[in-house]
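Structure assessment
What follows is the residue order along each chain.
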Amino acid sequence: MNKINFKPAATLREPAELVARGLAPAAALPDLEAVAARYAVAVTSHIAELIDPHDPDDPIARQFIPSAEELLTQPEENADPIGDHSHSPVAGIVHRYPDRVLFKLVHICAVYCRFCFRREMVGPGKTTSLSQAAYDKALDYIRAHPEIWEVILTGGDPLMLSPRRLTEIMADLAAIDHVKVIRIHTRVPVADPARISAETIAALKVTGATTWVALHANHARELSGRARAACAEIIDAGIPMVSQSVLLRGVNDNPAALEALMRAFVECRIKPYYLHHGDLAPGTAHLRTTLAHGQELMRALRGRVSGLCQPDYVLDIPGGHGKAPVGPSYLSHANFLSADCQLRPETRYRIVDYCGDVHLYPPKP
């Protein structure tokens, strides 16, 4: 395996550093400091290089540079918007669906997204990782539930762990007979590709379980040359990848941007998986779209790109009720006018194609 020889550089963590790099205006410093006092800030050198400081609407900056709008909380927003706590039987475990669990190992990330649904739980000042006792108890829970087929490592970002610690965790999980799939949710390959070393990749491969990596990226420019190289190293090692994205106002909420993102994933051998509707996390209203707009975008995407490029548009139902597909419907019952001039259902369906034209199925003879 070829090693990726990228030198890590300092991460920007203070608003004053963002101003000094030209990534935020000096006049905004007091507001940014107020945001940073509540929510974690981290912008890796790699992400900083992707930002165009001369573009006030830069889609990369919008994801990572704090904004005074984050200080505004809407009544419907919630510190636990998808209800993790209500499905957490032991620390570190979320068991919402019968056959899989989330295993939240760490609460730190390479970068902190301004729309993060766990923003109240991650970053400096929070518990950074599970204690050994909590980790052991979480493993015991997984062992005691034979219905658990898949374990999803999340957090925080599990690829912030050292290769040595990742090796131990992967081995512990693979040793559980009924755990057949281990999925890693991460932003590291796009946020800090230098961390994807041969040692990290070796740690992800285990005997006894299949590893998948789910990459979070929201704009095609995040898939830089270095990010693509890091993903190629993972995939060439035999680890399949899927994508997760969030529909974000001013980032990817137009057909061209969404098309470019999904095509970029497929070009990198990453299958588009989920397009999440923005969660009701505190201070994120300025980044959310409407569901109706999301459905319009999915209709546009259906007509513009290959089926390989189609993610599932999903909403995490507030309160811990899980994900629901919320994409547009192309199917409805057809009706016919009877002899007594009453509309009655017919044993046919109306199907709308990608051009918006309506067809009957089965077709009339």
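Residues numbered from 1 in each chain as written. Predicted model: local features only at pLDDT ≥ 70, side-chain atom pairs only at ≥ 80, totals over all residues. Heavy atoms only, no water.

1. Some words on the overall build of the chain
Let me state the cut-off plainly: A helix here means a DSSP run of H or I that spans at least four residues, while a strand means a run of E at least two residues long, and both kinds are numbered starting from the N terminus. We compute the radius of gyration over the C-alpha atoms and compare it with the globule rule, which gives 2.2 Å times the number of residues raised to the power 0.38. By definition in these notes, contact holds between two residues if any of their heavy atoms fall within 4.5 Å. Exposure was quantified through the Shrake-Rupley algorithm and a 1.4 Å probe, taking into account, for residues, occlusion by the shown protein chains and nothing else. Positive charges come from Lys and Arg alone, negative charges from Asp and Glu alone, with His and the N- and C-terminal ends not counted. Here the site of a charge means atom NZ of a Lys, CZ of an Arg, CG of an Asp or CD of a Glu.
On a plain count of helices and strands, the chain comes out with 11 helices and 12 strands. For 365 residues, the compact-globule estimate of 2.2 N^0.38 gives 21 Å, and the C-alpha radius of gyration of the chain, at 22 Å, lies within 12% of that figure. Principal axes of the C-alpha set define a box for the chain whose edges measure 75 × 55 × 45 Å. Expressed as a percentage of contacts within the chain between residues at least 6 apart in sequence, the contacts between residues at least 24 apart total 74%. With an accessible surface of roughly 16600 Å², the chain has 55% of that area assigned to carbon and sulfur atoms. In the chain, the 38 positive side-chain charges and the 41 negative ones have mean positions that sit 3 Å from each other.

2. Observations regarding the side chain of His-185
The criterion, for reference: Residue exposure (1.4 Å probe, protein chains only): buried if accessible area is under 20% of the type maximum, exposed if over 50%, otherwise partly exposed. Polar contacts, as used here, are pairs of N or O atoms within 3.5 Å; protein pairs need one atom able to donate a hydrogen and one able to accept it. Residues neighboring in sequence count only if both atoms are side-chain atoms.
Residue placement: His-185 occurs in strand β4 (residues 181–186). Among the residues examined, His-185 registers a relative accessible area of 15% and is labelled buried. A polar contact is formed between the side chain of His-185 and the side chain of Gln-244, at a distance of 3.3 Å.

3. Observations concerning helix α11 (residues 291–304)
Definition in use: Helix span is expected to be 1.5 Å times the residue number reduced by one. Arc definition: it is the arc formed by the directions from the helix axis to the C-beta atoms.
For α11, built from 14 residues, the straight-helix expectation of 20 Å at 1.5 Å per residue is met to within 8% by its first-to-last C-alpha distance of 20 Å. By the burial criterion, the buried members of α11 are Gly-294, Leu-297, Met-298 and Leu-301. One face of α11 carries all of its buried residues, which in axial projection span an arc of 100°. The inward-facing, buried residues of α11 abut α10 (255–267), β7 (270–276) and β8 (312–316).

4. Observations regarding the environment of Val-206
Mapped onto the elements of the fold, Val-206 is located in the loop between α8 (198–204) and β5 (210–216). The spacing of Val-206 and Asp-157 is 49 residues in sequence and 19 Å in space, taken between C-alpha atoms.

5. Focus on the sheet that holds β4
Formally: Paired strands are those between which DSSP finds at least two bridges. Axis geometry follows a simple rule: fit a line to the C-alpha atoms, using only the stretch in contact for helices, then measure angles between N-to-C directions, giving values from 0 to 180 degrees.
Read from one edge to the other, the open sheet built from nine strands follows the order β1-β2-β3-β4-β5-β6-β7-β8-β9, with strand pairing classed as mixed. Every interior strand has two partners, whereas the edge strands, β1 (93–97) and β9 (323–325), have only one. When strand polarity is set aside, the average angle formed by the axes of neighbouring strands in this sheet is 30°. Taken together, the six bridges between β4 and β5 define a ladder with parallel strand orientation. Paired with Thr-186 across the bridge in β5 is Leu-215. Across the sheet, helix α5 (residues 132–143) lies against β1, β2 (100–104) and β3 (150–154), angled at about 175° from β2, the strand it touches most.

6. As for the confidence of the model for the chain
Note the threshold: Known as pLDDT, the predictor's per-residue confidence is scaled from 0 to 100.
Looking at the chain as a whole, the pLDDT averages 91, with 92% of positions reaching at least 70. Considering only residues more than four positions removed or in separate chains, one finds that residues 1–8, a stretch of pLDDT under 50, has 16 contacts.

7. Quick look at a nonpolar patch on the surface
Basically, it comes down to this: The patches reported here contain residues having more than 30% relative accessible area and no salt bridge. Joining distances are 9 Å for like charges and 5 Å for nonpolar side chains (Val, Leu, Ile, Met, Phe, Trp, Tyr). Salt bridges are identified by distance alone: a Lys or Arg side-chain nitrogen within 4 Å of an Asp or Glu carboxyl oxygen.
A surface patch of nonpolar side chains, amounting to about 380 Å² of accessible area, comprises Leu-331, Tyr-349, Ile-351 and Tyr-361. Looking at where Tyr-361 falls in the secondary structure, it is placed in strand β12 (residues 358–361). By relative accessible area, which is 51% here, Tyr-361 ends up exposed.

8. As for the pattern of salt bridges
Inspection of the entire model under this criterion finds 21 salt bridges. As a salt-bridge pair, Arg-96 and Asp-84 come within 3.0 Å of each other at their nearest N and O atoms. A residue pair is termed long-range when its members are at least 10 positions apart, and Arg-96 in strand β1 and Asp-84 in the loop between α4 (59–64) and β1 qualify at 12 residues. Pair check on accessibility: Arg-96 and Asp-84 agree, each one buried. With a closest N to O distance of 2.5 Å, Asp-99 and Arg-100 form a salt bridge. Taking the relative accessible area as the measure of exposure, Asp-99 reaches 27% and is therefore partly exposed. One network of salt bridges, in which partners are shared, links Asp-84, Arg-96, Lys-104 and Arg-118.

9. Quick look at the packing of α5 against helix α6 (residues 163–174)
Counted only if it meets this: Relative orientations are named as follows: roughly parallel for angles under 35 degrees, roughly antiparallel for angles over 145 degrees, roughly perpendicular for angles from 65 to 115 degrees, and oblique for any other angle. Helix crossings fall into two classes, left-handed where the near helix is turned counterclockwise from the far one by less than a right angle and right-handed where it is turned clockwise. Three classes are used, and their members are as follows: Ala, Val, Leu, Ile, Met, Phe, Trp, Tyr, Cys and Pro are nonpolar, Asp, Glu, Lys and Arg are charged, and the others, Gly among them, are polar.
Running from N to C, α5 and α6 point in directions that differ by 30°, and their axes come no closer than 11 Å. By the angle class used here, α5 and α6 are roughly parallel. When you trace α5 past α6, the crossing you get is right-handed. Residue-level inspection shows Gln-132, Tyr-135, Leu-139 and Ile-142 of α5 in contact with α6, the latter providing Arg-165, Glu-168, Ile-169, Asp-172 and Leu-173. Class assignment for the residues of the contact of α5 with α6 results in five nonpolar, one polar and three charged.

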